[in-house]
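Tertiary structure, described
Residues per chain, in single letters:
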Amino acid sequence: MKHLVSIVVPVYNSEKYLEETIESILNQSYSDFEIILIDDGSTDLSGTICDEFALKDNRIKVEHIPNSGPSFARNIGIQISKGEYILPVDSDDIIESTYVEKAAKVLEKNDNIGIVYCKARLIGDYSGEWMIPSYSLPEILVKNCIFATAMFRKCDWKVVGGYSEIMRYGLEDYDLWLSIISLKRKVYQIPEILFQYRKHNNSRSNTFEKDKLIVENTERLRFLRHRNLYENVYYIPTPGIKNALYGAGGAGKTYFEFLKSIGNNSITCCFDKNFKSISNQIMPIAVRSPRGLIEDKYDQVVIAINKDDIYIDIRNWLIDNGYQKNQIKRYVYMEKIKEYM
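Values in this document were obtained by computation on a predicted structure and should not be read as measured data.

1. What about the nonpolar core?
What tends to happen in soluble globular proteins is that the nonpolar side chains get buried as a cluster. Judged by nonpolar contacts, the single largest core of 94 residues is most densely connected at Val5, Tyr99, Ile140 and Ile146. Considering each element in turn, this core owes the most residues, seven residues, to strand β6 (residues 113-124). Discounting residues that sit within four places of it in the chain, Tyr99 has contacts with Gln28, Leu87, Val116, Tyr117, Cys118, Phe147, Thr149, Ala150, Ile190 and Leu194. If you look at the next biggest cluster of nonpolar residues, it comprises 15 residues, including Ala244, Tyr298, Tyr323 and Ile328.

2. As for the state of the cysteines
Any covalent bond linking the sulfur atoms of two cysteines counts as a disulfide. As enumerated under the stated definition, the model contains zero disulfides in all. Just so you know, Cys118 is unpaired, no disulfide at all, and the nearest cysteine sulfur is the one on Cys145, 13 Å from it. With a relative accessible area of 0%, Cys118 lands in the buried category. Free cysteine Cys269: the closest other cysteine sulfur is in Cys270, separated by 7.3 Å.

3. Concerning helix α13 (residues 308-320)
Taking 1.5 Å per residue, 13 residues should reach 18 Å; α13 reaches 18 Å between its end C-alpha atoms and fits that length. If you check which residues of α13 are buried, you get Tyr311, Ile314 and Leu318. All buried residues of α13 fall inside an arc of 70° around its axis, so they share one side. In α13, the exposed positions angled more than 90 degrees off the buried face are occupied by Asp309, Asp313 and Asp320. Where α13 is buried, its residues touch β10 (243-246), α12 (292-295), β13 (300-303) and β14 (328-330).

4. Overview of a negative patch on the surface
Taken together, the side chains of Glu19, Glu23, Asp51 and Glu52 present a region of like negative charge at the surface. The set of elements that each furnish at least two residues to the negative patch consists of α1 (18-26) and α2 (46-56). Inspection of the secondary structure puts Glu23 in helix α1.

How each quantity is defined
- Residue numbering note: each chain is counted from 1, following its sequence as written.
- The predicted origin of the model limits local features to residues at a pLDDT of at least 70 and limits the giving and counting of side-chain atom pairs to 80 or more, whereas totals for whole chains, interfaces and linings rest on all residues.
- Water and hydrogen atoms were dropped before computing side-chain values, which therefore reflect all heavy atoms in the structure.
- To qualify as a nonpolar core, a set must consist of buried Ala, Val, Leu, Ile, Met, Phe, Trp, Tyr and Cys residues joined through side-chain atoms within 4.5 Å.
- Per-residue accessibility, obtained with a 1.4 Å probe over protein chains only, is compared with the maximum for each type, and a residue is labelled buried under 20%, exposed over 50%, and partly exposed between these values.
- Here a helix means four or more residues in a row that DSSP labels H or I, a strand means two or more in a row labelled E, and each is numbered from the N terminus.
- Any two residues whose heavy atoms approach within 4.5 Å are treated as being in contact.
- Any pair of cysteine sulfurs within 2.5 Å is marked as a disulfide.
- Multiplying 1.5 Å by the residue count of a helix minus one yields the expected span of that helix.
- The arc under discussion is defined with respect to the helix axis, by the directions toward the C-beta atoms.
- Each patch is built from residues that are more than 30% exposed by relative accessible area and take part in no salt bridge. Like charges join if they lie within 9 Å; nonpolar side chains (Val, Leu, Ile, Met, Phe, Trp, Tyr) join within 5 Å.
- Note on areas: Shrake-Rupley, 1.4 Å probe, and residue coverage restricted to the protein chains presented here.
- Within this document, salt bridges are pairs made up of a side-chain nitrogen of Lys or Arg and a carboxyl oxygen of Asp or Glu, the two lying within 4 Å of each other.
- Counting rule for charge: Lys and Arg are taken as positive, Asp and Glu as negative, and neither His nor the chain ends is counted.
- For the purpose of locating charges, the reference atoms are NZ of Lys, CZ of Arg, CG of Asp and CD of Glu.

That's the geometry; what it means functionally is another story.
As structure tokens, this is what we get:
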């Protein structure tokens, strides 16, 4: 049995690309869908374009609202939608003709899957395949690896409270994925390029990434909103003993920032083989050569490495240099991680 798919498109001043986006949606091989266009206070011809498409096709609904941002616009669109499955599409992006069909089929056949996405290509100011890391829970706890145009269930959106409207500057899709994953829903990536993401030099995401203070505040909100998930799968080091962190990459930095956000300041020193190239802007505490772990013994070493083989090599190196197995901890509980995978 086919399920109705609601394709929700927040629209803000997208007159240059909007028609191409809508045409790519109308060209889907899956027939049971509706399009919800939310004109988010556009000041160009975007609202008119939306209305013109709605007059030509009764599968298209248009809602005009004062400018409120993508989270609010998407939530409005989903609230008025009738579909069981939701696919958000930004108003300058393109979906391939079989994306909706293939994503809906995954959800129909797998009750435990909550998010379906695909491989993607960059268009606009950039071109080529968008090389996004493969999904894993350790990976997505560090950095988002699922783009906004992924299909999910409306019932899950309701349970988690929709897109967070306090994530005003960015990461609202990342925040939603973490919320759905917290329900222990699985994630599936279709191994085909079925989505084209238009990336601009002056895009909202690029502007967001350039403002360090806004990024830090938004990341802090992420930790606060998903504290239970992080605390459930992250190892929390024991205060009052001499703790060290191995790993100053993305995992190490995110782990350290999370500990700081919950008031755990037990790690004051970090070690990494690439210590010479790591600045204070990357890691906010001193990063030293791994030899320092041998010269200055620690009660406990937490290894913030995602790849199993690298983690094992570092663990064995520490054991060979006098550390006991119970002194070495991995930053995530792998047995708990598996419950979400």
